[in-house]
Amino acid sequence: MTIPEQKIYPRTGDTQTVYLKNVITKPNILVGEYSIYNDFENDPTRFECQNVLYHYPINHDRLVIGKFCSIACGAKFLFNSANHTLRSLSTYPFPLFFEEWGLQKECVADSWDNKGDIVIGNDVWIGYQAVILAGVTIGDGAIIGSRAVVTKDVPAYTIVCGVPAKPIRRRFPETTVQKLLQLQWWDWPEERIAENIAAIQSGSIEQIV
């Protein structure tokens, strides 16, 4: 079934921004409602080919992106097949070239270390050309700075920047963070979200109804 164009491009006349969920075809990439990807360099509808790298079915690893996320141009998600194993005396992926070296085909995945899924929470903003590595979980409301390389988990509502990415600060006081995590506004019905947009934008949790 063909997806209506307005369900792919949320802004009239803007073909650089897509609702990410509606351009994904691979079953091991899961994206929540209203999450967007913007690309002014390449076709944003090819996100799963251009931005999700080394993501091969043999590993059974997943990219999970929550609702209302904003992903900037060139952000990359590097999966497990990029992790040449450190258990070996050599980082050369001998098992990958099993035919050349007379190895067992079923041992191909021994070429790399499997660190697991990449999980992005809800309302996360990932900046321009940021890189997220396999095994990382990013909490709700976090912000990933431009060209940051995220190698470790990021707590909810935390801003990280740099190579490797390190925490800069929390976005809100702890009491506000806990209230937001309890509210989980991204799971509300559309009508309630629409009713509270002004309150959400105000930055004052007390105004939410």
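Right above here is the structure, for reference.
About the criteria used
Residues numbered from 1 in each chain as written. Predicted model: local features only at pLDDT ≥ 70, side-chain atom pairs only at ≥ 80, totals over all residues. Heavy atoms only, no water. Helix = DSSP H or I, 4+ residues; strand = E, 2+ residues; numbered from the N terminus. Buried < 20%, exposed > 50% of the residue type's maximum accessible area, 1.4 Å probe, protein only. Contact = heavy atoms within 4.5 Å. Areas by Shrake-Rupley, 256 points an atom, 1.4 Å probe, with all protein chains shown as cover. Polar contact = N/O pair within 3.5 Å; in protein donor to acceptor, adjacent residues only side chain to side chain. Expected span 1.5 Å × (residues − 1). Bend = angle between axes of the 7 residues up to and from the residue. Pairing = 2+ DSSP bridges.

Asker: Lay out the overall build of the protein with the relevant residues and their values.
Answerer: Counting its secondary structure elements, the protein contains four helices and 15 strands. If one aligns the C-alpha atoms of the protein with their principal axes, the spans along those axes are about 65 × 45 × 25 Å. Across the 209 residues in the protein, those meeting the buried criterion constitute 41%. The long-range share in the protein, meaning contacts at least 24 apart out of those at least 6 apart in sequence, stands at 45%. Entry remark: accessible area of the protein is about 12,000 Å², with carbon and sulfur atoms responsible for 55%.

Asker: So what's going on with the side chain of Asn 80? Which residues, and what values?
Answerer: Residue position: Asn 80 is located in the loop between strand 7 (76–78) and helix 2 (98–101). Look at Asn 80 and you get buried, because its relative accessible area is 0%. Side-chain polar atoms of Asn 80 contact the backbone nitrogen of Lys 115, separated by 2.4 Å. Setting aside chain neighbours within four positions, we find Asn 80 in contact with Tyr 54, Asn 59, Asp 61, Trp 112, Asp 113, Asn 114, Lys 115, Gly 116 and Ala 134.

Asker: Run through the environment of Ser 204, naming residues and quoting values.
Answerer: Within the element layout of this structure, Ser 204 appears in the segment after helix 4 (190–202). Within polar-contact distance, the side chain of Ser 204 engages the side chain of Glu 206 at 3.0 Å.

Asker: I'd like a description of helix 4, backed by residues and values.
Answerer: The first and last C-alpha atoms of helix 4 sit 19 Å apart over 13 residues, in line with the 18 Å expected at 1.5 Å per residue. If you look at helix 4, its biggest bend is around 55 degrees, right at Asn 196. Taken together, the buried positions of helix 4 are Ile 193, Asn 196 and Ala 199. A positive phi of about 80 degrees marks Gly 203, the residue just after helix 4.

Asker: A description of the sheet that holds strand 13 (residues 149–150) should follow, citing residues and the corresponding values.
Answerer: Sheet architecture is open: four strands sit in the order 4-7-10-13, paired in parallel fashion. Pairing within the sheet leaves two strands with one partner each, and these edge strands are strand 4 (52–53) and strand 13. When strand 4 meets strand 7, the two strands line up parallel, connected through two bridges. Within the sheet, the bridge partner assigned to Val 52 lies in strand 7 and is Phe 77.

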